[in-house]
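Structural characterization, general
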Amino acid sequence: MKIGFIGCGNMGSAMIGGILKNGVFEKNEIIVSNLTEEGSRRSREKLGVVTTLDNCEVVKNANIVILAVKPQFYEEVIGEIKSFLTPQHMIVGIAPGKTLAWLEEKCEQPLKVVRLMPNTPAQVGAGMTGACVNDRVTEEDLDQILAITNSFGRTEVVPERLMDAVSAVSGCSPAYVFMFIEAMADAAVAQGMPRKQAYQFAAQAVLGSAKLLLETGMHPGELKDMVCSPAGTTIEGVRILEKNGFRSAVFEALQGAADKGKKM
Ligand SMILES: NC(=O)C1=CN([C@@H]2O[C@H](COP(=O)(O)OP(=O)(O)OC[C@H]3O[C@@H](n4cnc5c(N)ncnc54)[C@H](O)[C@@H]3O)[C@@H](O)[C@H]2O)C=CC1
Ligand SMILES: O=C(O)[C@@H]1CCC=N1
């Protein structure tokens, strides 16, 4: 086995999906630990990977170890596995607030440490991941990490000080985007559109807008202005969004998410 996941819920299974689809590792090179036999059965059936109920088995059998449990369980899990870690291991944290220094300190030995902040669109190969590493991680190690993260979307290597911003702007933001889509669809339903169709219209508009921005590289303000005809319908909506503090609400939400990460 080459790569191991401790915990295999939403993020773990999304990451493994991309890794397998792009052939970065084979099924028999991936070991996953779960809390319950039921969880292990799901991982085997859904992903076909090797499973165990013992977190230490992951460390004994893989040199890249991804901590894919909720942040509250990090300390307990590291406590369990730390005596099996060696300088050859690369330990990968994906939780907000768990810094490289914190991970190194809890592992109680000099180790290669990586911090990633992926997001759930990884499930469909459209993830965005922020990555940073400690100074023991070599260029070759980083290439291996990028092969993994690029298998489920895009990756940017950033200085660690930006990881809370990454967490807010791409780790958490899918939740806010889904709220936006849901609200737009509700409004379309209120106008008489069937709900299923409303989700198609709203989601495709968000997908297309993001694609337009990424592919043209144009300023979002310019793209917004292209939609707003003088005395038209869109600018009326823009007026109402501004009056209701839309931009400020988004700003505050991301600020709150980033601040929360700093405290974790
Ligand atoms: N869900 C998201 O959008 C994102 C999550 N993350 C981070 O990814 C990590 C995992 O989050 P999710 O996958 O969403 O959580 P999840 O709850 O879906 O998955 C966690 C899995 O770990 C298992 N688990 C819990 N304690 C365990 C233990 N002691 N040993 C082995 N397995 C154990 C649980 O049974 C569960 O299957 C978290 O640290 C989270 O902050 C990062 C970016 C985005
Ligand atoms: O809120 C959470 O726990 C995770 C971190 C980034 C997105 N979701």
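What you are looking at is a predicted structure, and each value in this text was computed from that prediction instead of being measured. (Residues numbered from 1 in each chain as written. Chains lettered and ligands numbered in written order. Predicted model: local features only at pLDDT ≥ 70, side-chain atom pairs only at ≥ 80, totals over all residues. Heavy atoms only, no water.)

**Describing the pattern of salt bridges**
Let me state the cut-off plainly: Salt bridge, as used here, is a side-chain nitrogen of Lys or Arg placed within 4 Å of a carboxyl oxygen of Asp or Glu. Each helix corresponds to a stretch of at least 4 residues labelled H or I by DSSP, and each strand to a stretch of at least 2 residues labelled E; elements are numbered beginning at the N terminus. Exposure categories follow from relative accessible area, calculated using a 1.4 Å probe and restricted to protein chains: below 20% of the type maximum is buried, above 50% is exposed, and the middle band is partly exposed.
Across all of its chains, the model carries 17 salt bridges by this definition. Between glutamate 45 and arginine 41 there is a salt bridge; the shortest N-O distance is 3.0 Å. Of this pair, glutamate 45 and arginine 41 are both found in helix H2 (residues 37–47), four residues apart, which corresponds to roughly one turn of the helix. By relative accessible area, arginine 41 is classed as partly exposed at 32%. Across the pair glutamate 236 and arginine 239 runs a salt bridge whose closest N-O atoms are separated by 2.8 Å. Note that glutamate 236 and arginine 239 are positioned in helix H10 (residues 233–243) at a spacing of three residues, about one turn of the helix. Assessed through its relative accessible area of 44%, arginine 239 is described here as partly exposed.

**Remarks on the site of ligand 2**
Put simply, the test is: For this description, a residue counts as near a given molecule or strand if any of its non-hydrogen atoms is within 4 Å of it. In this description, accessible areas are obtained by the Shrake-Rupley approach with a 1.4 Å probe, and a residue is regarded as covered only by the protein chains that are shown. Ten residues, namely Ala, Val, Leu, Ile, Met, Phe, Trp, Tyr, Cys and Pro, are considered nonpolar, four, namely Asp, Glu, Lys and Arg, are considered charged, and the remaining ones, Gly among them, are considered polar.
Neighbouring ligand 2 are the residues Pro96, Met117, Gly171 and Cys172. In isolation ligand 2 has 240 Å² of accessible area, and contact with the protein removes 56% of it. Split by residue class, the shell around ligand 2 holds three nonpolar, one polar and no charged.

**A word on the side chain of lysine 112**
Keep this limit in mind: Residues adjacent in sequence count toward polar contacts only when both atoms are side-chain atoms; beyond that, a polar contact is any pair of N or O atoms within 3.5 Å, and within protein one must be able to donate a hydrogen and the other to accept it. The contact criterion used throughout is that any non-hydrogen atoms of two residues lie within 4.5 Å.
By the secondary structure assignment, lysine 112 is in strand E6 (residues 112–117). Residue classification places lysine 112 among the buried positions, given a relative accessible area of 18%. Within the structure, the side chain of lysine 112 is placed 3.0 Å from the side chain of aspartate 141, a separation counted as a polar contact. Ignoring anything within four residues of it in the chain, the contact list for lysine 112 reads Pro87, His89, Met90, Ile91, Asn134, Arg136, Val137 and Asp141.

**Considerations on helix H4 (residues 74–81)**
Here is the rule we go by: To obtain the arc, one takes the directions from the helix axis to the C-beta atoms.
Within H4 the residues assigned to the buried category are Tyr74, Val77, Ile78 and Ile81. For H4, the buried positions fall inside an angular range of 100° around the axis, keeping them on one side.

**Quick word on the packing of aromatic side chains**
Short version of the rule: Pairing of aromatic side chains here covers Phe, Tyr and the six-membered ring of Trp, requires ring centres within 6.5 Å, and sorts the geometry by plane angle: under 30 degrees stacked, over 60 edge-to-face, intermediate tilted. In our convention, an over-ring charge means Lys NZ or Arg CZ found within 6 Å of a ring centre and within 35 degrees of that ring's normal.
Summed over the entire model, instances satisfying the criterion amount to one aromatic pair. Plain terms: the ring middles of phenylalanine 180 and phenylalanine 246 are 6.0 Å apart, the flat faces sit at 40° to each other, and that makes the pair tilted. Here phenylalanine 180 is found in helix H7 (residues 163–190), whereas its partner phenylalanine 246 is found in helix H11 (residues 246–263), with 66 residues between them in sequence. Assessed through its relative accessible area of 35%, phenylalanine 246 is described here as partly exposed. The residue whose ring lies beneath lysine 98 is tryptophan 102, and the NZ or CZ to ring-centre distance is 4.5 Å.

**Some thoughts on the UniProt feature "domain: Pyrroline-5-carboxylate reductase dimerisation" (unreviewed entry) in the protein**
Selection criterion: UniProt positions are given in the numbering used here, feature names are shortened, and annotations may be inferred rather than shown by experiment.
With numbering matched to this structure, UniProt assigns "domain: Pyrroline-5-carboxylate reductase dimerisation" (unreviewed entry) to residues 160–264. What you have in residues 160–264 is 83% helix and 0% strand, and the ends, taken at the C-alpha atoms, are 15 Å apart.

**Overview of the site of ligand 1**
Taken together, 20 residues form the shell around ligand 1, and within it Asn10, Met11, Asn55, Val69 and Lys70 come nearest. In this structure, methionine 11 approaches ligand 1 through a main-chain N or O atom, which is 2.8 Å from an oxygen atom. Here lysine 70 contributes a side-chain N or O atom positioned 3.1 Å from an oxygen atom of ligand 1. In isolation ligand 1 offers 820 Å² of accessible surface; the protein chains occlude 81% of this area. Secondary structure elements with two or more residues in the shell around ligand 1: helix H1 (10–21) and H4. By residue class, the composition of the shell around ligand 1 is 14 nonpolar, five polar and one charged.

**With respect to the UniProt feature "domain: Pyrroline-5-carboxylate reductase catalytic N-terminal" (unreviewed entry) in the protein**
In the UniProt entry, the feature "domain: Pyrroline-5-carboxylate reductase catalytic N-terminal" (unreviewed entry) is given for residues 2–95. Secondary structure content for residues 2–95 is 40% helix and 20% strand, while the C-alpha to C-alpha distance between its ends is 22 Å.

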